[in-house]
Amino acid sequence: PKTAAALKRTLEALMDKGAIVRNLENLGERALPYKITAHSQQHWRGGYFLVDFHAPTTTVESIMEHLSRDIDVIRPNIVKHPLTQEVKECEGIVPVPLEEKLYAPKKRK
Amino acid sequence: MAAVVTVCSGLGRKKLTHWVTSAVGLTDPGTHRVLWRRGCSQYKQVTSDENLPTTMENPYKEPLKKCILCGKRVDYKNVQLLSQFISAYTGCIHGRHITGLCGKKQKEISKAIKRAQVMGFMPVTHKDPAYLKDPKVCNIKYRE
């Protein structure tokens with residue numbers, strides 16, 4: 001009901017700014033880890049929603065501004081998509097020769 | 001014999017290959033080695049080239065030790081994994097000497113923890129009580 005309306009508003013706002021929404025995930029409603037104060041109101045419980053979208057980088061700031069004005073949104077966050085970053089092959093812990101560690105490099109002021 | 005030795009040392013750098021071979025044939029087995037070595041410094045041809053030790057990569061090299069998160073993706077959303085690397089009582093992130101992770105993964109984990117704490121996924125000052133019974137990954141010793 002209320003949350004659905006809020007979600008609709010945010011999605012429409014995103015699309016107006018020129019973002020192509022790919023996916024919307026609901027991470028469930030649960031108790032927040034700490035009390036969050038937002039828009040002169042204190043919240044203990046909240047619903048977590050994850051939106052995948054493509055957008056030009058210039059519109060990020062305008063989207064953040066718009067979301068911060070919305071009262072229903074407690075904490076807006078925009079983050080780079082983690083799946084686009086490849087997992088680099090980690091070869092392992094290279095053993096550092098202890099001789100280098102014996103003398104600390106002289107600090108230059 | 002003695003006369004042949006003095007002649008060899010006196011002539012120095014000149015090529016005396018035929019002299020050396022003849023000298024080797026004549027001398028005793030005791031002094032044979034000394035004379036042969038003196039001549040060998042000017043002797044260009046090295047006969048046993050294949051049997052000399054060559055430099056190569058260590059064939060018994062063991063694969064490098066990997067940290068527990070090597071090759072796995074770290075996400076800010078799985079709070080359970082992230083809370084394994086923080087203190088249960090204070091919520092501070094454990095250092096590299098406690099977690100035993102390699103440089104990249106330690107940085108990724110700390111960045112993900114900070115992100116999750118800001119976004120409201122993970123508590124800051126303590127560990128989520130639901131994840132207190134996780135298997136211990138870090139080798140931390142609490143004071144009794």
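Our subject is the structure that appears above.
Residues numbered from 1 in each chain as written. Chains lettered and ligands numbered in written order. Predicted model: local features only at pLDDT ≥ 70, side-chain atom pairs only at ≥ 80, totals over all residues. Heavy atoms only, no water.

1. Re the nonpolar core
Okay, step 1: Formed by 27 residues in total, the largest nonpolar core has its most connected members in B:L69, B:L82, B:F85, B:I109, B:I113, B:F121 and B:M122.
Okay, step 2: At the level of secondary structure, the elements contributing two or more residues to this core comprise β1 (20–38) and β2 (41–54) of chain A together with α4 (79–83) and α6 (103–119) of chain B.
Okay, step 3: Of all the elements, α6(B) adds the most residues to this core, at five residues.
Okay, step 4: Contact partners of B:I109, with chain neighbours within four places excluded, come to B:L69, B:V74, B:L82, B:F85 and B:L101. (Core = buried A, V, L, I, M, F, W, Y, C linked by side-chain atoms within 4.5 Å. Buried < 20%, exposed > 50% of the residue type's maximum accessible area, 1.4 Å probe, protein only. Helix = DSSP H or I, 4+ residues; strand = E, 2+ residues; numbered from the N terminus. Contact = heavy atoms within 4.5 Å.)

2. Here we look at the pairing of β1(A)
Within a regular beta strand, the side chains point alternately toward one face of the sheet and then the other, so they alternate between its two faces.
All names here are of chain A.
Okay, step 1: Two strands pair when backbone bridges link them, and β1 and β2 are joined in this way by 13 bridges, in the antiparallel orientation. Residue pairing for β2: A38 is matched across the bridge by Q41.
Okay, step 2: Counting the residues between successive antiparallel strands, the hairpin from β1 to β2 contains two residues, one of them, H39, with a positive phi of roughly 55°. (Pairing = 2+ DSSP bridges.)

3. Details of the side chain of B:K127
Residues and elements named next belong to chain B.
Okay, step 1: Checked against the element boundaries, K127 lands in the segment after α6.
Okay, step 2: Of the side chains bearing the opposite charge, D134 lies closest to the buried K127, which forms no salt bridge; the N-O distance is 5.8 Å.
Okay, step 3: Here S83 takes part through its backbone oxygen, which lies 3.3 Å from a polar atom of the side chain of K127.
Okay, step 4: Sequence-distant contacts of K127, defined by excluding residues within four places in its chain, comprise S83, Q84, I86, S87, A88 and L132. (Lys, Arg positive; Asp, Glu negative; His and termini not counted. Salt bridge = Lys/Arg side-chain N within 4 Å of Asp/Glu carboxyl O. Polar contact = N/O pair within 3.5 Å; in protein donor to acceptor, adjacent residues only side chain to side chain.)

4. Re the interface of chain B and chain A
Okay, step 1: Contacts between the two partners involve 24 residues from chain B and, on the opposite side, 20 residues from chain A.
Okay, step 2: Taking both partners together, chain B and chain A bury about 1900 Å²; carbon and sulfur atoms supply 63% of that area.
Okay, step 3: At the boundary of chain B and chain A, one finds zero salt bridges.
Okay, step 4: In this assembly, chain B and chain A are joined by five residue pairs in polar contact (both at pLDDT 80 or more).
Okay, step 5: Its residues assigned to classes, the side of chain B that touches chain A comprises eleven nonpolar, five polar and eight charged. (Buried area = accessible area lost by both parts, 1.4 Å probe. Nonpolar A, V, L, I, M, F, W, Y, C, P; charged D, E, K, R; others polar.)

5. Some points on the packing of aromatic side chains
Okay, step 1: Enumeration according to the criterion identifies three aromatic pairs over all chains in this entry.
Okay, step 2: A cation over an aromatic ring shows up here: A:R30 above the ring of A:Y48, its NZ or CZ 4.5 Å from the ring centre. (Phe/Tyr/Trp six-rings, centres within 6.5 Å; stacked < 30°, edge-to-face > 60°. Lys NZ or Arg CZ within 6 Å of the ring centre and 35° of its normal.)

6. Some details on the side chain of B:T99
Residue and element names in this part refer to chain B.
Okay, step 1: On the secondary structure map, T99 appears in helix α5 (residues 96–99).
Okay, step 2: Only 2.8 Å separates the side chain of T99 from the side chain of Q106, close enough to count as a polar contact.
Okay, step 3: Once residues within four sequence positions are removed from consideration, T99 is found in contact with F85, H94, Q106, C138 and N139.

7. Description of the pattern of salt bridges
Residue and element names in this part refer to chain B.
Okay, step 1: Counted under the stated rule, the structure contains five salt bridges over all chains.
Okay, step 2: The salt bridge involving K77 is made with D75; its shortest N-O contact spans 3.7 Å.
Okay, step 3: Looking at K77, the relative accessible area reads 25%, which means it is partly exposed.
Okay, step 4: A salt bridge links K105 to E108, with the nearest nitrogen and oxygen atoms 3.4 Å apart. Highlighted residues: K105 and E108, both in helix α6, separated by three residues, approximately one helical turn.
Okay, step 5: You can call K105 buried: its relative accessible area is 6%.

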